[in-house]
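In case you want the letters, here they are:
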Amino acid sequence: MKNIYLVGFMGSGKSTVGRILAEKLNMNFVDVDQLIEEEEKMKISDIFKKKGEKYFRELERRKIKDLTKGENLVISTGGGLGADRENMDLMKKTGFVVWLDVSLDEILKRCEGDKNRPLLNQPYENIKKLYEKRKPVYKMANIHIKTDSKNPEKIAEEVIDAYIHRH
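Now for a look at the structure at hand. Since this is a predicted model, take the numbers as computed values, not measurements.

### Things to note about the side chain of Asp 31
Consideration 1: Along the chain, Asp 31 falls in strand 2 (residues 28–31).
Consideration 2: With no salt bridge to any partner, buried Asp 31 finds its closest opposite charge in Arg 19, at an N-O distance of 4.5 Å.
Consideration 3: Of note is the side chain of Asp 31, whose polar atom sits 3.0 Å from the backbone nitrogen of Asp 33.
Consideration 4: Of the polar contacts made by the side chain of Asp 31, one reaches the backbone nitrogen of Gln 34; its length is 3.1 Å.

### Topic: the pattern of salt bridges
Consideration 1: Enumeration over the complete set of coordinates arrives at 16 salt bridges.
Consideration 2: Across the salt bridge formed by Glu 37 and Lys 43, the nearest N and O atoms sit 3.9 Å from each other.
Consideration 3: Assessed through its relative accessible area of 22%, Glu 37 is described here as partly exposed.
Consideration 4: The salt bridge involving Arg 61 is made with Glu 58; its shortest N-O contact spans 3.4 Å.

### Remarks on helix 7 (residues 124–138)
Consideration 1: When the terminal C-alpha atoms of helix 7 are compared, their 21 Å separation across 15 residues agrees well with the 21 Å that a helix rising 1.5 Å per residue should span.
Consideration 2: Three or more residues of helix 7 are buried, namely Ile 127, Leu 130, Tyr 131, Arg 134, Val 137 and Tyr 138. Along the long axis of helix 7, the arc covered by the buried residues comes to 110 degrees, so they all point the same way. Opposite the buried face of helix 7, at more than 90 degrees from it, the exposed residues are Lys 129 and Lys 133.

### Quick notes on the packing of aromatic side chains
Consideration 1: For the structure on display, the rule yields four aromatic pairs.
Consideration 2: With a centroid separation of 5.3 Å and 85 degrees between ring planes, the pair formed by Phe 9 and Tyr 131 is classed as edge-to-face. Taken together, the residues Phe 9 in the loop between strand 1 (3–7) and helix 1 (14–25) and Tyr 131 in helix 7 connect sequence positions 122 residues apart.
Consideration 3: Taking the relative accessible area as the measure of exposure, Phe 9 reaches 1% and is therefore buried.
Consideration 4: For the ring pair Phe 96 and Tyr 163, a centre distance of 5.5 Å and an interplane angle of 65 degrees mean the geometry is edge-to-face. Of this pair, Phe 96 sits in strand 4 (residues 95–101) while Tyr 163 sits in helix 8 (residues 152–166), and the two are 67 residues apart along the sequence.

Reading the values: rules and limits
- Residues numbered from 1 in each chain as written.
- Predicted model: local features only at pLDDT ≥ 70, side-chain atom pairs only at ≥ 80, totals over all residues.
- Heavy atoms only, no water.
- Helix = DSSP H or I, 4+ residues; strand = E, 2+ residues; numbered from the N terminus.
- Buried < 20%, exposed > 50% of the residue type's maximum accessible area, 1.4 Å probe, protein only.
- Lys, Arg positive; Asp, Glu negative; His and termini not counted.
- Salt bridge = Lys/Arg side-chain N within 4 Å of Asp/Glu carboxyl O.
- Polar contact = N/O pair within 3.5 Å; in protein donor to acceptor, adjacent residues only side chain to side chain.
- Expected span 1.5 Å × (residues − 1).
- Arc of directions from axis to C-beta.
- Phe/Tyr/Trp six-rings, centres within 6.5 Å; stacked < 30°, edge-to-face > 60°.

Remember that the coordinates give geometry; whether it matters functionally is a separate question.
Below is the structure:
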């Protein structure tokens, strides 16, 4: 089976929905952020602090290139990975890309008090700019699912329906 890539802003439910999808479709689940943390032996927030965002983005780029060689994977990407045009093109060539679209207000509610998301620990205006900047690339995904008032099971069902009808 072709890979399924989940993209979207941080807090959109990529990891939660990804685990459900992998189980329902009998595929393997991969969380890119988790892989990077394991390989670097530090949290993403620490990678940002100690080595910088540019270094982290390069790790993401290398990791997604490796993962696109696999198959039968449900891949949860970091919020920035899926907002990069080069990464998006690569994912679309090797699988089915799903944008889990969540409103900024909902993101802030879900992630309130989460200190492990370095890009959310800044003023609201900066977060809003980043959110708006990433949306045009997310829109390049094969499908777009609004997730605000849906539970992860319902979102997974919508992804499966779209995936099956496209293949």
